[in-house]
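# Structure assessment
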Amino acid sequence: VEVAVLMWRTYALFPSAGGPRSATPASVRHLFRFSLGVAFVTSLSAVVTQSDRLILSGILTLRDFAYFSLATLVASSISLVSGPLGAALMPRLSTLAAANDRQAMLGLYRTGLQVMCVAVVPLAITVAVHADDLLWAWTGNRDVAEHAGRTLSLYALGNSLAAIAALTYCLQFALGNLRWHMVGTAFLVIVLVPGQIYLALHFGATGAGAFWLAVNCAFFLLWIPFIHRRFAPELTGARYFRDLAPACIAGALAVFAVTVVLEAMPHSRLGAALQIGGVAFVATLCAALATPGTRSMLSRLELGKRPLVG
């Protein structure tokens, strides 16, 4: 029923072009390989995001797996922030690529990287530093906080780097070439699954979390620059790190500075939650003010103009 309704509304909204309205094999043949690539990448991405749960469910005790599940559930909040940004960025990048406006496309992509970094890195550092207090504020159970806190810290940081790396998919999708993204995702699966099995057997959930963070650090430092060399040579070298460094440095410094100031204050569960929220807010604000792309967006908003990402 859903597919039928969507087809009806889609064709009703099509502008009248005077040509055939039905698809033919010739009209979709050139999209076939690209569509297969999207399906392949989607399948591998599911393996990447779910493999640790499948592996650890057979290695950990039920109690330890519960701690792990709770930690990864909280860490997945990073995706709630990053997902909408990527979903909004992809169609606009595709439009600019189709119009052969490479300068505007790369400008938007750079802004998207900076905004993503501002959105996820300060939040991830806050969660990592305050993992125990965050879990205690949520569950009221110190035992849960003690056992799941370290795993939460590792997965929160790893998820933030994965969110930034995911924007390279938007760039490759817009340019209609997913070959290297398929290669990278397949390599990630080949490395991630056996590595997590080995470390989970020896170090439990903490080992799996540490490996997840290490793999995403490698992608952040090595794979993203490689993709830029292939598809956006203008962003290679120091420019990539110069775009993202201000948000990372300012966010980290703000988290630790505000944490030191508020550390001596006694707090209840509600107070801990408010404190963590305040740290995340201040850190994100500092990161936004330190990053050129978000400063430009804020100045446009102040002047009543349309935001750059629009």
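Residues numbered from 1 in each chain as written. Predicted model: local features only at pLDDT ≥ 70, side-chain atom pairs only at ≥ 80, totals over all residues. Heavy atoms only, no water.

## Things to note about the packing of aromatic side chains
To keep it simple, the criterion reads: Note on aromatic contacts: the rings of Phe and Tyr and the six-membered ring of Trp form a pair at centre separations within 6.5 Å, being stacked when their planes are under 30 degrees apart, edge-to-face when over 60 apart, and tilted otherwise. Strands are runs of DSSP state E lasting at least 2 residues, helices are runs of H or I lasting at least 4, and numbering of each runs from the N terminus. Two thresholds decide whether a charge sits over a ring: the Lys NZ or Arg CZ must be within 6 Å of the ring centre and within 35 degrees of the ring normal.
Tallied over the full model, the rule gives nine aromatic pairs. Ring plane angle 50° and centroid distance 5.8 Å describe the contact between Phe220 and Tyr240, whose orientation is recorded as tilted. In this pair, Phe220 is assigned in helix 9 (residues 179-231) and Tyr240 in helix 10 (residues 238-262), connecting sequence segments 20 residues apart. An aromatic cluster is defined as three or more aromatic residues linked by ring pairs; in this entry it consists of Phe65, Phe68, Tyr155 and Trp212. When the ring centre of Trp8 is taken as origin, the NZ or CZ atom of Arg9, which lies over that ring, is 5.2 Å away. Note that Arg142 overlies the ring of Trp136, its terminal NZ or CZ placed 3.9 Å from the centroid.

## With respect to the side chain of Thr291
Spelled out, the test is: What qualifies as a polar contact is a pair of N or O atoms within 3.5 Å, subject to a donor-acceptor requirement within protein and to the restriction that residues adjacent in sequence count only when both atoms come from side chains. Only heavy atoms matter for contacts: two residues are in contact if any of them lie within 4.5 Å across the pair.
As for its position among the elements, Thr291 is in the loop between helix 11 (269-290) and helix 12 (292-302). In terms of polar contacts, Thr291 uses its side chain to reach the backbone carbonyl oxygen of Ala287, at 2.7 Å. Those residues in contact with Thr291 that sit more than four places away from it in its chain are Gln114, Val118, Asp243, Pro246 and Ala247.

## Some words on a nonpolar patch on the surface
As a reminder, the rule being used: Nonpolar side chains (Val, Leu, Ile, Met, Phe, Trp, Tyr) within 5 Å and like charges within 9 Å form the patches, drawn only from residues with over 30% relative accessible area and no salt bridge. For the area figures, the Shrake-Rupley method with a 1.4 Å probe applies, and any residue is considered shielded solely by the protein chains shown. A side-chain nitrogen of Lys or Arg and a carboxyl oxygen of Asp or Glu constitute a salt bridge if their distance falls within 4 Å. Only protein chains enter the accessibility calculation, which uses a 1.4 Å probe; a residue whose area is less than 20% of its type maximum is buried, one above 50% is exposed, and one in between is partly exposed.
A cluster of nonpolar side chains, Phe281, Val282, Leu285, Leu289 and Leu298, forms an exposed patch at the surface whose accessible area comes to about 430 Å². Take the nonpolar patch: its biggest share by element is four residues, from helix 11. For Leu289, the location among the structural elements is in helix 11. Note on Leu289: relative accessible area 47%, which makes it partly exposed.

## As for the environment of Tyr240
Residue Tyr240 is classed as buried on the basis of its relative accessible area, which comes to 2%. Taking the C-alpha atoms as reference points, Tyr240 and His228, separated by 12 residues in sequence, lie 8.7 Å from one another. Setting aside anything within four residues of it in sequence, one finds Tyr240 in contact with Phe220, Ile224, Pro225, His228 and Leu235.

## Topic: the environment of Gln50
With respect to the helices, strands and loops of the structure, Gln50 is situated in helix 2 (residues 25-57). According to the relative accessible area criterion, Gln50 is partly exposed, its value standing at 43%. Taking C-alpha positions, Gln50 is 29 Å from Gly251, a pair spaced 201 residues apart along the chain.

## Concerning the layout of surface pockets
Selection criterion: Points on a 1 Å grid, built from protein atoms alone, make a cavity when a 1.4 Å probe fits but cannot get out and make a pocket when they are open with protein on both sides within 12 Å along at least 5 of 7 lines; residues with an atom within 4 Å of a point are the lining residues. Grid points are joined across faces, edges and corners, and a volume is the space filled by probe spheres set on the points. Throughout, the ten residues Ala, Val, Leu, Ile, Met, Phe, Trp, Tyr, Cys and Pro are labelled nonpolar, Asp, Glu, Lys and Arg are labelled charged, and all others, Gly among them, are labelled polar.
Its boundaries defined by the atoms lining it, the largest pocket holds a volume of some 930 Å³. Lining the largest pocket are 35 residues, and of these Ser45, Thr49, Ala162, Ala163 and Ala166 lie nearest its centre. Here the lining of the largest pocket takes nine residues from helix 9, the largest share from any one element. Counted by class, the lining of the largest pocket contains 17 nonpolar, 16 polar and two charged residues. Around the second largest pocket, the lining is made up of 12 residues, and of these Arg33, Phe34, Gly176, Leu178 and Met182 lie nearest the centre. Elements with a contribution of two residues or more to the lining of the second largest pocket: helix 2 and helix 9.

## A closer look at the packing of helix 5 (residues 102-129) against helix 11
Quick note on the threshold: Here an angle of 0 to 180 degrees is reported between the N-to-C directions of two axes, which are lines fitted to C-alpha atoms, with helices fitted over the stretch in contact. Two helices that cross are described as forming a left-handed crossing if the nearer one is turned anticlockwise from the farther one by less than a right angle, and a right-handed crossing if clockwise.
Look at helix 5 against helix 11: their axes get within 9 Å of each other, and the N-to-C directions meet at 145°. Between helix 5 and helix 11 lies a crossing whose hand is right-handed. Residues Val118, Pro122, Leu123 and Thr126 of helix 5 form the contact with helix 11, whose participating residues are Ile276, Val279, Ala280, Ala283, Thr284, Ala287 and Ala288. Taken together, the residues of the contact of helix 5 with helix 11 break down into nine nonpolar, two polar and no charged.

## Structural notes on the pattern of salt bridges
Under the definition given, this model contains five salt bridges. Asp243 is the salt-bridge partner of Arg110, the closest N and O atoms lying 2.8 Å from each other. Here Arg110, found in helix 5, pairs with Asp243, found in helix 10; they are 133 residues apart in sequence, far enough to count as distant. In this structure Arg110 comes out as partly exposed when scored by relative accessible area, which is 25%. Residue class for Asp243 comes out buried when judged on its relative accessible area of 10%.

## Quick word on the packing of helix 3 (residues 62-75) against helix 7 (residues 142-165)
Filter applied, for reference: Note on terminology: angles under 35 degrees are roughly parallel, angles over 145 are roughly antiparallel, angles of 65 to 115 are roughly perpendicular, and the others are oblique.
As a packed pair, helix 3 and helix 7 sit with axes 8 Å apart at the nearest point and diverge in direction by 45°. Classified by the angle their axes make, helix 3 and helix 7 are oblique. Note that helix 3 runs across helix 7; the crossing there is right-handed. Counted together, Arg63, Tyr67, Phe68, Leu70, Ala71, Thr72, Val74 and Ala75 of helix 3 and Asp143, Val144, His147, Ala148, Thr151, Leu152, Tyr155, Ala156 and Asn159 of helix 7 form the full contact between these two elements. Considering only residue class, the contact of helix 3 with helix 7 consists of 11 nonpolar, four polar and two charged.

Purely geometric stuff here, so don't read any function into it on its own.
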